[in-house]
Every structure is written in C-alpha cells, then in structure tokens.
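One-letter residues, chain by chain:
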Amino acid sequence: MNLPMHRDLTRCLAHPPGHYELGRAAPTEYCLLRDTCARHRTIKMDAGLGPYAAITTIKLALAKCTAANGDRIIVMPSHSEALANTTDLDINKTQVQIIGLGQGNLRPTITIGTANTATISVSADSCSLENIQIVANFLSIAAAITIGSAKGFRVENCLFRDTAAATDFLNCVKTTG
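Read on for a plain summary of the structure.

Cut-offs used in this document
- Residues numbered from 1 in each chain as written.
- Predicted model: local features only at pLDDT ≥ 70, side-chain atom pairs only at ≥ 80, totals over all residues.
- Heavy atoms only, no water.
- Core = buried A, V, L, I, M, F, W, Y, C linked by side-chain atoms within 4.5 Å.
- Buried < 20%, exposed > 50% of the residue type's maximum accessible area, 1.4 Å probe, protein only.
- Helix = DSSP H or I, 4+ residues; strand = E, 2+ residues; numbered from the N terminus.
- Salt bridge = Lys/Arg side-chain N within 4 Å of Asp/Glu carboxyl O.
- Pairing = 2+ DSSP bridges.
- Phe/Tyr/Trp six-rings, centres within 6.5 Å; stacked < 30°, edge-to-face > 60°.

## Overview of the nonpolar core
Next up, step 1: I112, I120, L129, I134 and I145 are the most contacted members of the largest nonpolar core, which totals 32 residues.
Next up, step 2: Secondary structure elements with two or more residues in this core: α2 (58-64), β2 (72-75), β6 (109-113), β7 (120-122), β9 (133-137) and β10 (145-147).
Next up, step 3: Residues C31, A54, I99 and L101 belong to the second largest nonpolar core, which totals six residues.

Okay, structure coming up:
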C-alpha cells in the first residue's frame, strides 16, 4: 500500500480531533465504497464505519448523519455516482463535511446529467464539500451546486469540468435564497 493511500485510509478510520461537549455524541465518520473495489461488495455495506463496510452513495450516508453533530462523510478514491435531478443529492443536515480522498483523477466524481435542472442542492447551514470532481454530462446545466437559504456552505479543492464541448455548467455555484 502506498503512503498517500495509507494516509487516506488512516484518516477515514480516525476519529476527528478535538473536545466534545458533555452529553453530546461524538461526530461520526461514514465511508463510501469506491466503485472499482468489487471484491468487497459481499460485505454488509450499510454500516459505513470503515472502507470495507462502506455505504454506496453520498445520499445514503447523509441519511445516517446526525444534524449539528459535526459528522463527516469520507468518500473513497475513485468513487463515482451520477445525479439525474434536484433530489438525488440534497445536503440537508447541518455541520456535515463531505470529504473526498485521492488526488488528480482518482478523486471521487459526481456526474450531473440527464436534465439541465439536475444539481447538488444545499439546504443546511455550515456544511462543506471538499476534494470532489463535479462533472457536467448534459447541455447547459443551470448550476452544479444550488444553495437555498443555507449559510456558511464551503466548497474546497473541488474540480468542475465537462465530458464534451457541448456539455457545461452555466454556474458552478448558484444561490437562490
């Protein structure tokens, strides 16, 4: 195992540093399985608590998160998923970080296609999306990310690109609230 991959897996399994309030649950990290790792698909994958018992989509991982708890979704290198409409991925729990592992083309990929209204919706405060490739696979997609009334959303080290000259995002990030 190479050093960057070892560091990524260690990060996935480690608890976040810091002090927690008494009476409040510690933040949880959920891992998503990379699509190319078929040999581990027979393991029960709804726990999400490690790379070999991972959840299959960001949407399912968000459903397991607790709002305002500082939970993190760790998306493994080479993971990919496709969005077809505005409800396929709604970041709707406050203080959730979605963190992609990997570098270059090995970063996780979210492909937006099938409709120009498909988007990553953000409806919760203080969330972030980090180190993810967001790909346009349809003509004139209105926005890769649409932020409603949510405050404090952060996009860090994400790559916005298209699959062909005729496909594109009109806006990378659009606010409506």
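## Considering the pattern of salt bridges
Next up, step 1: In the structure shown here, the tally under the stated rule is two salt bridges.
Next up, step 2: Among the salt bridges present, the one from E130 reaches R154, with a minimum N-O distance of 2.5 Å. Residue E130 is located in strand β8 (residues 128-130), and its partner R154 is located in strand β11 (residues 154-156); the two are separated by 24 residues in the primary sequence.
Next up, step 3: Taking the relative accessible area as the measure of exposure, E130 reaches 10% and is therefore buried.
Next up, step 4: Close ionic contact of E156 with R154 constitutes a salt bridge, the shortest N to O distance being 3.1 Å.
Next up, step 5: Residues joined by salt bridges that share partners form a network here, namely E130, R154 and E156.

## Some points on the pairing of strand β3 (residues 80-83)
Next up, step 1: Residues E81 and L83 of β3 are buried on one face, while the alternating residues S80 and A82, pointing to the opposite face, are not.
Next up, step 2: Sheet topology places β3 next to β6; four bridges connect them, and they run parallel. Bridge pairing links A82 to T111 in β6.

## Concerning the packing of aromatic side chains
Next up, step 1: Here the structure, examined in full by the defined rule, presents one aromatic pair.
Next up, step 2: Here the aromatic rings of F160 and F169 are separated by 6.4 Å at their centres, their planes lie at 85 degrees, and the arrangement is edge-to-face.

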